[in-house]
6 protein chains.
Amino acid sequence: MKRHSGRDIDCLRPIEIICGYSKYAEGSCLYKSGDTHVLCNATLEEKIPVWLRGQHKGWVTAEYSMLPRSTQERTRREISTGRPAGRTQEIQRLISRSLRGIINLSDIAGYQIIVDCDVIQADGGTRTAAINGSWVSLYLCLNWMKNKGIIRNIPINEQVAAVSCGVFEQNILLDLDYIEDSRADCDVNVVMTSQEKFIEIQGTAENSAFDKNTLDNIINIAQKGIREIIDAQKKAVQDIR
Amino acid sequence: MKRHSGRDIDCLRPIEIICGYSKYAEGSCLYKSGDTHVLCNATLEEKIPVWLRGQHKGWVTAEYSMLPRSTQERTRREISTGRPAGRTQEIQRLISRSLRGIINLSDIAGYQIIVDCDVIQADGGTRTAAINGSWVSLYLCLNWMKNKGIIRNIPINEQVAAVSCGVFEQNILLDLDYIEDSRADCDVNVVMTSQEKFIEIQGTAENSAFDKNTLDNIINIAQKGIREIIDAQKKAVQDIR
Amino acid sequence: MKRHSGRDIDCLRPIEIICGYSKYAEGSCLYKSGDTHVLCNATLEEKIPVWLRGQHKGWVTAEYSMLPRSTQERTRREISTGRPAGRTQEIQRLISRSLRGIINLSDIAGYQIIVDCDVIQADGGTRTAAINGSWVSLYLCLNWMKNKGIIRNIPINEQVAAVSCGVFEQNILLDLDYIEDSRADCDVNVVMTSQEKFIEIQGTAENSAFDKNTLDNIINIAQKGIREIIDAQKKAVQDIR
Amino acid sequence: MKRHSGRDIDCLRPIEIICGYSKYAEGSCLYKSGDTHVLCNATLEEKIPVWLRGQHKGWVTAEYSMLPRSTQERTRREISTGRPAGRTQEIQRLISRSLRGIINLSDIAGYQIIVDCDVIQADGGTRTAAINGSWVSLYLCLNWMKNKGIIRNIPINEQVAAVSCGVFEQNILLDLDYIEDSRADCDVNVVMTSQEKFIEIQGTAENSAFDKNTLDNIINIAQKGIREIIDAQKKAVQDIR
Amino acid sequence: MKRHSGRDIDCLRPIEIICGYSKYAEGSCLYKSGDTHVLCNATLEEKIPVWLRGQHKGWVTAEYSMLPRSTQERTRREISTGRPAGRTQEIQRLISRSLRGIINLSDIAGYQIIVDCDVIQADGGTRTAAINGSWVSLYLCLNWMKNKGIIRNIPINEQVAAVSCGVFEQNILLDLDYIEDSRADCDVNVVMTSQEKFIEIQGTAENSAFDKNTLDNIINIAQKGIREIIDAQKKAVQDIR
Amino acid sequence: MKRHSGRDIDCLRPIEIICGYSKYAEGSCLYKSGDTHVLCNATLEEKIPVWLRGQHKGWVTAEYSMLPRSTQERTRREISTGRPAGRTQEIQRLISRSLRGIINLSDIAGYQIIVDCDVIQADGGTRTAAINGSWVSLYLCLNWMKNKGIIRNIPINEQVAAVSCGVFEQNILLDLDYIEDSRADCDVNVVMTSQEKFIEIQGTAENSAFDKNTLDNIINIAQKGIREIIDAQKKAVQDIR
């Protein structure tokens, strides 16, 4: 089976990571996966959430938003309804948990890092692209802190990356774009560390329920994709001093 | 290892399902799983969401809320903040998808069924209890429609049920209560049909990432629990006419 | 005249009070008046509202809400509109004033008691049922405080109870159910103490204005009903230690 | 006993009613009761609320607001909190019910009259002043409709007026001003028609519960005050053509 | 060209300034410009905004609102939408900047003055009338502070006033009323000090863009109007002690 | 005087306009003025606002937002407060008026064009950059419509552009960057057409009021800058087919 884009079924879209995209953020990258472009800007704040006080810990959190015309049809701004959509909050919580899964929060005690993930262009897989870019900008922010003498070492020794897989006409497709995503029978998002452990797995039957065997195959292919994304992240930051 | 409640590690809490708990709802049950009590009321409305018009389809959706003192510490009402929390919306979407996964929406064309899941008492596992009770009240609502002559047959031939599993001190525990949930290393919610297919799987590393082998074991134990829940649901509705 | 339910015109609906209904609340009861069921949970908090600071006083307040399908037709959740309805706030203020009318707030200095009144099923008279159940749960909460040594004595020496009366086809009916309430010419809610003094009286002409003589008769019959409710409350708590 | 203002205990504050205060409203008056000044503007709209359609009826409703510096201490605008306070909604509902109690809604079928009550200066009794002024502006609006040929006759044959009474140091005081209101043991608002029937009675024990005898005395004195207010209303509109 | 009101093209509407209109405000005036009436009440608060702390400064801010029936057609209250309109915020910012432009904020260190501008009746030019009346009430408030010994001198040595001009059928009209404003080709609001310097200029082409020459003529005529307004302000406060 | 950036006082920052930046928008450009980068995406919708119906007209409107880390310090998302800030609404109205000033709305009857201006990076002058980029994306959108045969000709024969000027240490500076803007004595935004007529002029005294002579000089220099911007816009679209 050939995909509409010509990609092989287990093939990622081309990845491009532009580090330092924004001038002001302590850590910044524009993460591109095909036509999905997410700007990930990490901000360091010397304060922590109220409920964390007195625990000698820091905090990492993420926010997510789509520009109105990042999508094929224009999407109304959330501010026009006065409240963030459920989907937005779900994704923000997912990115936040993924990042907190690979950092030791006591190593940044007294600091909060907020990673803003703003989708400039959306062609499916924006939440996984946001996770992938967020790791890079978090790393860059920690490196900035190290250069400033705020921390001695970068307190992460793992990477985290994410990819989606889905079943379409009996094939398991890696890294769904928008058209594939809207037609898939089921959709599984996998978030893994560079040591190949799960931070998060979210599988949803969109049109038909799936069995354990399918789940196993999906996870295998997702793992292959995540390995490649982790390589791309590594390359993006390897020359950063 | 003995659990603090005395339960075996692969043992569910006692389930009680009181059908017809509310006088007015077309389908109603109070679903109890140990000290977690969720009132699930299905309402039939002869109208459909605007965006579904002209598609000859019906709709099933769910709402979820916790009474302020269902919890050990009182939780503030969401109305006092003016917006539903992200967690609430995430759970509502999960219940809704689970129910829509086992019903053919064209068989209830022109109708919407809203299942209100209100947590009367919460001791962990409220979202899975809500799914389990929702299936019962959806069934009762469809049976009411059949009795009224609105539909000829009950348009579901599968059940759906859900359970959580978690890892605690290297043990995989089935059906976490509140204390266990707050201490677990990871937490996996599994939603399955009576034909043992996945509608949804959501695994989250709370304290440490988990590997594929652990995931497989978790799914095995979850499946055992779901089979027992499905039996309890079946018994609850078997004498309904 | 016989009422549609078969009750005499000056007869209350059967009352059932289940103390300790909720596991976690410091004071809890499910108050049933016929088909109207209200869960009243009192929460003790060791903090007081900001504006009360420095006055050596405590505070008692109440919140009120109806489950969406407590009513014959489903009622939308207030959270879906983003603000509590005027009716909700009016009832919350009424319950709060009724409870504060029989407690000496300086005897619970430094503490706030919040009574959550959640209507599980509604067949008219939910606000008066909420007051009646709230007194019981407030008493239970104060008893809990006494048992914990927080207070020496229960700082209330009166009870408070409420009932509605209305005029329908020239008859004065005690304790209106939903059908009677929606058809009555006028509707009077009376809140009285066990010493037969008014805490609150609210009379509203729904269809036709009423004269002083009618008001006097209504109050007489309301008083009879309130005496019986006060007996029921007393019985409910008499064996509590 | 002399009141701090020098008034007798059963004496109203001086009333002044300026008809036609606003240039644009179909019915307008500035109602002054001592230092309490309420601008009551009635607007005629040729449309009715959605839920009233098909019933061949009109509608009358009221809105109430206080200017921020109508009070001794500045009160924050409700818009700064994003929602109307419970008190505001309670008063709006009270004014609306009072006006609807003396008009036959089918005589203005197809029309809605909105009476805006904006408190310019507040020295206690704003809700009763709003009712009193609203009747005048409603009458003026109906007269405007008659002059325009929209209706043949003014469809009200009763007036409605309101006053507050309270108990202070064993005396029953008529028409409480702000200082008296804040110190009274109880506070009763009475809304009556010119035929001396109740539209609404709201009695609240602020500091101590009150007995039936006190209630009777309060109602007597309130009735005396309402008769005088009704005279003042009558005089205000008697020369209107 | 004669204007529909009979005014000459460079002629202001009659101005009336009633000082001390409200009983409670530290500074109060009702400012009338023809049929446009704005109540301007200045409130002194002994606290400053959080972000100003530690700067040894005071603050002056303004709020603006229109009564619902100040307009020819009734305008809905902003509270019914839950948020202030963009226009409201724009005007509030304009009034605030105008007042802050003529006061030395360090002379009222520790104090905030809030000027509430409530439009009682609107016939065009409400924002400029609000600025003109606000200066008077600000002055009165400062005079009150001086009388109370809070400040030694009134810390303003300039006045500020505003007027609108517009082009209609090739004529430049001073002080547009509602009808003129809605038909003008362009609309320029000028805010000037008594020393004839600009605090603010806002010119907007409504129907056709305008050239530099027109702008110069508009500014000339606006200056003439502002001189007259400044005289009227001066007269209004000259006898205040 | 040399500016901190080395620019001459009457010199614009370098302009770069990348047409077609976004894949999906009917008209799109990234407008860069030095370190200020605004993404302007025009969306064509085949529907018009409700209040415009029946007038045989189209509509053009703009929305404006800043990414949280477009600024030196992170700015909180507006959604976190639930309402757009006053500044945002003011800017949106300014951009919208500027665009509507140069298009004949009856030439796009039945259509609405929404221009989303999202600030990717902010170094002062974001509102003027948004206007400049919006004109380009509006032109591209209209060109797209022409190519699709929706309109026969591009219905604008003028360009519109904007720039800010300010006074700093007696010098008039063209095109203020963030540092200059925050220190300027006054700040004037000028919006002009290619025929050198004003669409909008907004001058604000930040620290000290300014006289007519200064205003004239500012306008002269602004005009010089606008001519250069109009050239840059023209070049950007000249090869578009």
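Residues numbered from 1 in each chain as written. Chains lettered and ligands numbered in written order. Predicted model: local features only at pLDDT ≥ 70, side-chain atom pairs only at ≥ 80, totals over all residues. Heavy atoms only, no water.

Draft legend 1. Structural detail: the relation of the copies chain A and chain F. With an RMSD of 0.0 Å, the fit of chain A onto chain F corresponds to turning through 180° and sliding 0.0 Å along the axis. On this basis, the relationship between the two copies can be described by a two-fold rotation axis. (Least-squares fit on C-alpha atoms with pLDDT ≥ 70 in both.)

Draft legend 2. Inspection of the environment of Leu138 of chain E at higher detail. All names here are of chain E. With respect to the helices, strands and loops of the structure, Leu138 is situated in helix H2 (residues 126–147). Among the residues examined, Leu138 registers a relative accessible area of 0% and is labelled buried. As a C-alpha pair, Leu138 and Ala184 span 46 residues in sequence and 32 Å in three-dimensional space. The residues touching Leu138, leaving out its near neighbours within four places in the chain, are Ala42, Leu99, Ile102 and Ile113. (Helix = DSSP H or I, 4+ residues; strand = E, 2+ residues; numbered from the N terminus. Buried < 20%, exposed > 50% of the residue type's maximum accessible area, 1.4 Å probe, protein only. Contact = heavy atoms within 4.5 Å.)

Draft legend 3. Geometry of the sheet that holds strand S8 (residues 186–193) of chain D. An order of S7(C)-S6(C)-S8(C)-S9(C)-S9(D)-S8(D)-S6(D)-S7(D) is seen for the eight strands of this open sheet, with the pairing classed as antiparallel. Since the sheet does not close on itself, it has two edges, and those belong to strand S7 (171–174) of chain C together with strand S7 (171–174) of chain D, each with one partner. Adjacent strand axes in the sheet meet at a mean angle of 15° when their direction is disregarded. Across four bridges, the pairing between strand S6 (residues 160–168) of chain D and S7 of chain D is antiparallel. Across the sheet, the residue bridging to Phe168 of chain D is Asn171 of chain D, located in S7 of chain D. Its contacts with the sheet put helix H2 (residues 126–147) of chain C on strand S6 (160–168), strand S8 (186–193) and strand S9 (198–205) of chain C, and the angle it makes with S6 of chain C is roughly 165°. Packing of helix H2 (residues 126–147) of chain D onto the sheet brings it into contact with S6, S8 and strand S9 (198–205) of chain D, and relative to S6 of chain D it is tilted by some 165°. (Pairing = 2+ DSSP bridges. Axes fitted to C-alpha atoms, helices over the stretch in contact; angles between N-to-C directions.)

Draft legend 4. Geometry of the interface of chain A and chain F. If you look at the interface, chain A gives 36 residues, while chain F gives 36 residues. Taking both partners together, chain A and chain F bury about 2900 Å²; carbon and sulfur atoms supply 49% of that area. Among the residues of chain A in contact with chain F, Tyr24, Arg69 and Arg74 of chain A are the three that bury the most area, contributing 28% of the side total. Between Asp116 of chain F and Arg74 of chain A there is a salt bridge, with the nearest N and O atoms lying 2.6 Å from each other. At the junction of chain A with chain F, the criterion picks out 23 residue pairs in polar contact (both at pLDDT 80 or more). (Buried area = accessible area lost by both parts, 1.4 Å probe. Salt bridge = Lys/Arg side-chain N within 4 Å of Asp/Glu carboxyl O. Polar contact = N/O pair within 3.5 Å; in protein donor to acceptor, adjacent residues only side chain to side chain.)

Function cannot be read off these values alone, since they describe shape.
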